[in-house]
There are 2 protein chains.
Amino acid sequence: MKLPLFLTTYQTRINRVLDARLPSADTEPSSLHEAMRYCVLGGGKRLRAALVYATGEAFGAGQTLLDQAAAAVELAHAYSLVHDDLPAMDNDDLRHGRPSCHRVYGDAMAILVGDALQAFAFECLARSSACAAPVQQLLMLEVLARAIGSLGMVGGQALDISTDPESLAAHSQALDSMQQKKTGALIVASVKLGALAGDCQDPLQLQALHDFASKLGQAFQIRDDILDRESSTEVLGKTQGADSANNKAAYPAVFGLQAAKERAEALYSESLKSLAGINMQSATLAALAKFMLQREF
Amino acid sequence: MKLPLFLTTYQTRINRVLDARLPSADTEPSSLHEAMRYCVLGGGKRLRAALVYATGEAFGAGQTLLDQAAAAVELAHAYSLVHDDLPAMDNDDLRHGRPSCHRVYGDAMAILVGDALQAFAFECLARSSACAAPVQQLLMLEVLARAIGSLGMVGGQALDISTDPESLAAHSQALDSMQQKKTGALIVASVKLGALAGDCQDPLQLQALHDFASKLGQAFQIRDDILDRESSTEVLGKTQGADSANNKAAYPAVFGLQAAKERAEALYSESLKSLAGINMQSATLAALAKFMLQREF
């Protein structure tokens, strides 16, 4: 399947899965459920879900379990955006081209929306599925929990808000580490969940997939930082220049735009090398990586 | 084992488990881990953990899985308190007799502490354990996720902040429903996790335990509301009168102190009746229920 068709097929699929699984806005507490649906169904490229499906299909994973895993990573991602946008955090008013959650529903409700979406991510992944051995599913839950916890996504955000941007800029390793946690951990987890759903147990394959996804995650974040400087609010659907305005350490700010572009390109090449070493059908994953680094929004 | 000994034994045990499992404050991001430890290890009666252990022991559950489940419910409870105390929510400065999380670490870090503790709760419960079949553990993860999600704990908090207190007061059913979600769901889950850890599969037993815990949860919340009016900040370790000050709907405010006490007593009796119908060693659970409703803090 060519990538554009793959992307639209699975965007449609995951949007339908999320729509069907999220409690309806008629279910009490209706304001919470309405807000959850606003945040999850209001847009997004579904790239993490696409990574789950692309990897899972390469390993022959069952569709139901892939749906559960893809829903879980998208719900985790959505919750992190809701909390990141809060006034106490990045204070961003715009997300997916619409007012961010707290602008519509208030700060308190936005905190609860994020909290409920995180719980719902685990609920989706924990549901019994005939597609895999329960022991495999348990492992997937542990992978997700670690990836979005204090040593992963939340840890990266904590480093981002608590470390002096100038010290991050002075130590490129610290900047790498922060971004690998903040963005990379969930991207790595998406690939790993797909592989585990397909019962991949080969440590060499899992390691190679980890290396691929880790480099992809880094390159993806640099691309994000480049777009934050070069694109527009209209195209991005979120406030352009927000990172610079918040005085956040980012590759283009520290090393310059040209160096950032070269770095993203180099990481992309390295990620493909990791992928080439795996004995699997990886064309869709490779095409997805290319798309993620050439995207304009 | 007499209840006071049971309580101190398992308080010591769960505190040791939590201390050992939480990442050390030396692990990066150190400020996040220090704050997580401050919030989890800074006090608390560990009543939810005690419910897990008491039920689990009655069903012969293995200690490792009980430790995982007890840690998970205490981490979920701790995260909910950190977020509830935020200025955007209840704006409470005191917790367990010490400044609340955001007063020490700031609002942004407190949001992240809660987020990381929720992920860590699931991570603890998902870890492989030789004590139970993975399918049982998967079911426990689903029970926890539902209990603390939008139809449980977070849903109750959403109703609490979004419903006019006067309309809650006018409809005692709505007040019941809010409190059953906000407080009751995690208490019910604690009992259920203990039973599932012991591989209880009898639907009648599970239903009776559900009824017991549900009534206990309601009575426990009314006792909490009574203490909020009658006790002192020093004894409670949290701001006395906070609910009244925040104009929250609560039993004593709506029905008067005497009626609230009688209601708690009636619910306690009903909970014991549910327990009596179960073919199990329930003396510790019954004693624990009594303790939870006679507590002075």
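Parameters and conventions
Residues numbered from 1 in each chain as written. Chains lettered and ligands numbered in written order. Predicted model: local features only at pLDDT ≥ 70, side-chain atom pairs only at ≥ 80, totals over all residues. Heavy atoms only, no water. Least-squares fit on C-alpha atoms with pLDDT ≥ 70 in both. Contact = heavy atoms within 4.5 Å. Salt bridge = Lys/Arg side-chain N within 4 Å of Asp/Glu carboxyl O. Polar contact = N/O pair within 3.5 Å; in protein donor to acceptor, adjacent residues only side chain to side chain. Helix = DSSP H or I, 4+ residues; strand = E, 2+ residues; numbered from the N terminus. Expected span 1.5 Å × (residues − 1). pLDDT = per-residue confidence, 0-100. Axes fitted to C-alpha atoms, helices over the stretch in contact; angles between N-to-C directions. Parallel < 35°, antiparallel > 145°, perpendicular 65-115°, else oblique. Left-handed = near helix turned anticlockwise from the far one by under 90°. Nonpolar A, V, L, I, M, F, W, Y, C, P; charged D, E, K, R; others polar.

Visitor: Account for the relation of the copies chain A and chain B, naming residues and giving values.
Guide: Overlaying chain A on chain B yields an RMSD of 0.0 Å, the required transformation being a rotation through 180° with an accompanying axial translation of 0.0 Å. On the angle and the small slide along the axis, the relation comes out as a two-fold axis. Judged by C-alpha distance, Pro134(A) is the residue of chain A that lies nearest the rotation axis, at 2.8 Å. Interface overlap between copies is the fraction of interface residues in one copy that are interface residues in the other; for chain A against chain B it reaches 100%, indicating a shared surface.

Visitor: Account for the interface of chain A and chain B, with residues named and values stated.
Guide: Each partner contributes to the interface: chain A provides 47 residues, whereas chain B provides 47 residues. Here chain A and chain B share two salt bridges between them. Across the pair Arg146(A) and Glu123(B) runs a salt bridge, and its minimum N-O distance is 3.5 Å. At the surface where chain A touches chain B, the tally comes to eight residue pairs in polar contact (both at pLDDT 80 or more). Secondary structure elements with two or more residues in the side of chain A that touches chain B: α2 (30-41), α4 (63-84), α6 (107-126), α7 (134-148) and α8 (153-162) of chain A.

Visitor: How would you explain helix α16 (residues 283-294) of chain B if you had to name every residue and give the values?
Guide: Over its 12 residues, α16(B) runs 17 Å from end to end, which matches the ideal 16 Å to within 8%, given 1.5 Å per residue. Those residues of α16(B) that are buried are in contact with α1 (3-21), α3 (47-58), α10 (172-197), α11 (203-230) and α15 (257-276) of chain B.

Visitor: How would you explain the confidence of the model for chain A if you had to name every residue and give the values?
Guide: Across chain A, the average pLDDT comes to 93, with 99% of residues at or above 70. The ipTM for the predicted assembly is 0.96, set against a pTM of 0.96.

Visitor: If you had to explain the packing of α4(A) against α6(A) to someone new, which residues and values would you point to?
Guide: All names here are of chain A. In the contact formed by α4 and α6, the axes pass within 8 Å of each other and the chain directions differ by 165°. By the angle between their axes, α4 is roughly antiparallel relative to α6. Once α4 is placed against α6, the crossing between them reads as left-handed. Counted together, Gln68, Ala69, Ala71, Ala72, Leu75, Ala76, Ala78, Tyr79, Val82 and His83 of α4 and Ala110, Ile111, Val113, Gly114, Asp115, Leu117, Gln118, Phe120, Ala121, Cys124 and Leu125 of α6 form the full contact between these two elements. Partitioning the contact of α4 with α6 into residue classes produces 16 nonpolar, four polar and one charged.

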